[in-house]
Amino acid sequence: MSYKRTISIKNKLIGIIFFISLISFGVIYITTIIRKINLEKEEFAKDYAITTKLIASYCIVPLDFGFNEEIDKIFENLKTQPNILSACLYNSEGKIFSCYQKESSAQKLEIPKRNENTYFTANSLIIYEPLFQNNKEIGKLYMQISLDSFNSEISLFKREILLTISLQLILVYFLAYFLQRIITNPILKLHNFALEIGKNHDYSKRIATIPFDEIGILYSSFNSMIETVEMREQQINKDKLALKEKNEEYLAINEELQEKNAELLQAKKVATENEKKFKSMIDTSPLAIYMSNGIEQKAEYINPTFIKLFGYEPEEISDIFEWFN
Amino acid sequence: MMAIFIHKFTDYVDWSINSDFYNSKQFTITFFGKTSLENKLKIYLKSEKIQNKTIKINQVFEIDNIQNPEILFISNIPQEQLIKVLEYTKNKPILTISESEGFGKKGVLINFFTFQNTLRFEINKNGVEKANIKTNSYLYRVAKIIE
């Protein structure tokens, strides 16, 4: 199925028109052939029914009087009718009175059984014609007519129709090839324009509008779309620029902050070292040191000398006033 | 065979243009002169009808006794007598039949003859046209025509 996606719209359109034409012509071809065969068969059967009736009319008196020679003379004349393969005349008892077979006929004459119908076989038309004398059936004439000429005519007709349809299909192809441009050219124009826009990202361009059909609406919509895209692009560019400026600003601030941070870290390091030095100094001081904070003057730190000198642990002293009292 | 043919001729000949034919309930076949065919025909047409009429078969030897049959079979009679018989049947709706050579040319409407051991018949076309009867043209197709 994927190959369908790779076929161009032009070829798809030609293919669809060609396919529909092929189906239509095919249906027309089949129905015309069937109709022609039926009509021709009917006409053929009618023609030979008349011929059979005529021959039968000539056979009435000879059959009635039992003159075989007369029947043979009549059958001799059948040689001038190339389509008549064989003929048989039955008497009123259904027995064969006389028979004829075309000399060139390769088939051996099979004496047909008496039948009442006229019908077609694969290669011949069979006709049974009753012979009446004074409203009394005195016999029946059997005729076997070759369908070779009929089939040749039908074959010729089939070939003619097939040739006509082939020529029509060629014409359809060329017409489809040229006329598809009416539909595909605006679409291809839009396609190429879209490709160009996609390639160059130049949203300032507009496709020239065409009369207000569906494609025209598509063009207008496409123009509106790329106009919107252009506006958004411009906005994005503006925002990008502003963002860039902000970013640069933030980068500068960041740099400054990093510098400050470095300074603070350095200061912190110094302070930590000082704190360590101070703690070491008061921990090792021979003086008792009590450090408190806030209005309540709660003890925050008491150096070892203080504990050693006064015998109080820090948790035993709630504040400096209590300790003094 | 001749009896069969005579019977068959009745299918191809129309006497109805003569008004007397309608009124008559009998279909008369008369044999003029001596012939054995009369008995054969009687046997063959026993209990048969021709054109819905009962069949009357008789034999006469005098011209005055012929009356007006539908078919008159003329046996092998002398020529002088034949001429008189034909003079009698002239313009009458009588189908004359014979089995003697040359009678057809003399004016008998249908004359039997043998050809290659087969019984055939000849028709005197002028005579049929002048007679007050109609003959089916199909009959000419199998007959020898005498103009």
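Our structure's up above, just so we're on the same page.
Only a predicted model underlies this, so the values are computations on that prediction, with no experimental measurement involved.

Reading across from one edge, β3-β4-β2-β5-β6-β7-β8-β10 (chain B) is the order of the eight strands in this open sheet, with mixed pairing throughout. If you trace the sheet from one side to the other, it starts and ends with β3 (49–50) and β10 (144–146) of chain B, each paired once.

Residues and elements named next belong to chain A. All chains considered together, the criterion is met by one disulfide over all chains. What pairs with Cys88 in a disulfide is Cys99, and their sulfur atoms sit 2.0 Å apart. Looking down the S-S bond of the Cys88 and Cys99 bridge, the torsion is 100°, so its handedness is right-handed. With Cys88 in strand β1 (residues 84–91) and Cys99 in strand β2 (residues 96–101), the pair connects residues that are 11 residues apart, well separated along the chain. Residue Cys88 is classed as buried on the basis of its relative accessible area of 0%. The class of Cys99 is partly exposed, set by a relative accessible area of 30%.

Moving on, we get to the nonpolar core. The biggest cluster of nonpolar side chains holds 64 residues, and the ones touching the most others in it are B:Phe9, B:Leu95, B:Phe112 and B:Phe121. At 10 residues, helix α2 (residues 9–65) of chain A tops the list of elements feeding residues into this core. The residues contacting B:Leu95, other than those within four sequence positions of it, are B:Phe9, B:Val13, B:Trp15, B:Glu70, B:Ile71, B:Leu72, B:Leu109, B:Ile110 and B:Ile133. Core analysis: the second largest hydrophobic core is formed by 13 residues, B:Val85, B:Leu86, B:Ile94 and B:Phe103 among them.

With that settled, the discussion passes to the pairing of strand β5 (residues 71–74) of chain B. Residue and element names in this part refer to chain B. Because side chains alternate across β5, one face comprises the buried residues Ile71 and Phe73, and the other comprises Leu72 and Ile74, equally buried. Both strand β2 (residues 26–32) and β5 contribute to a ladder of four bridges, which runs parallel. When the sheet's bridge partners are listed, Phe31 is paired in β5 with Phe73. Of the pairings in the sheet, the one linking β5 to strand β6 (residues 95–98) comprises four bridges and is parallel in character. Each bridged residue has a counterpart across the sheet, and for Phe73 the counterpart in β6 is Ile97. This β-α-β element, β5 to helix α4 (residues 79–89) to β6, shows right-handed connectivity.

In this section: the interface of chain A and chain B. Contacts between the two partners involve 12 residues from chain A, matched on the other side by 14 residues from chain B. For the pair chain A and chain B, the summed buried area comes to about 1300 Å², and 56% of that belongs to carbon and sulfur atoms. The largest contributions to the chain A side of the interface with chain B come from A:Val61, A:Phe65 and A:Phe67, which together make up 46% of the buried area. The interface formed by chain A and chain B includes three salt bridges. Between B:Arg120 and A:Glu70 there is a salt bridge, and its shortest N-O distance comes to 2.5 Å.

Now for the pattern of salt bridges. Scanning all chains against the criterion turns up 11 salt bridges over all chains. With a shortest N-O distance of 3.2 Å, A:Glu69 and B:Arg120 are connected by a salt bridge. One end of the pair, A:Glu69, is in helix α3 (residues 68–76); the other, B:Arg120, is in strand β8 (residues 118–124), on a second chain. Residue A:Glu69 is classed as partly exposed on the basis of its relative accessible area of 34%. Owing to a relative accessible area of 8%, B:Arg120 belongs among the buried residues under this scheme.

Before going further, it helps to examine the sheet that holds strand β5 (residues 136–146) of chain A. Residue and element names in this part refer to chain A. Read from one edge of the open sheet, five strands run β2-β1-β5-β4-β3, paired in antiparallel fashion. With partners counted over all chains shown, the strands left at the sheet margins are β2 and β3 (119–120), one partner each. Pairing of strand β4 (residues 124–133) with β5 involves 10 bridges; the strand directions are antiparallel. Residue pairing in the sheet places Leu131 in a bridge with Gly139 of β5. Lying over the sheet, α2 contacts β1, β2, β3, β4 and β5, oriented at roughly 40° with respect to β4.

Conventions we followed
- Residues numbered from 1 in each chain as written.
- Chains lettered and ligands numbered in written order.
- Predicted model: local features only at pLDDT ≥ 70, side-chain atom pairs only at ≥ 80, totals over all residues.
- Heavy atoms only, no water.
- Pairing = 2+ DSSP bridges.
- Helix = DSSP H or I, 4+ residues; strand = E, 2+ residues; numbered from the N terminus.
- Disulfide = S-S within 2.5 Å.
- Buried < 20%, exposed > 50% of the residue type's maximum accessible area, 1.4 Å probe, protein only.
- Core = buried A, V, L, I, M, F, W, Y, C linked by side-chain atoms within 4.5 Å.
- Contact = heavy atoms within 4.5 Å.
- Right-handed = clockwise from strand over helix to strand, strands pointing away.
- Buried area = accessible area lost by both parts, 1.4 Å probe.
- Salt bridge = Lys/Arg side-chain N within 4 Å of Asp/Glu carboxyl O.
- Axes fitted to C-alpha atoms, helices over the stretch in contact; angles between N-to-C directions.

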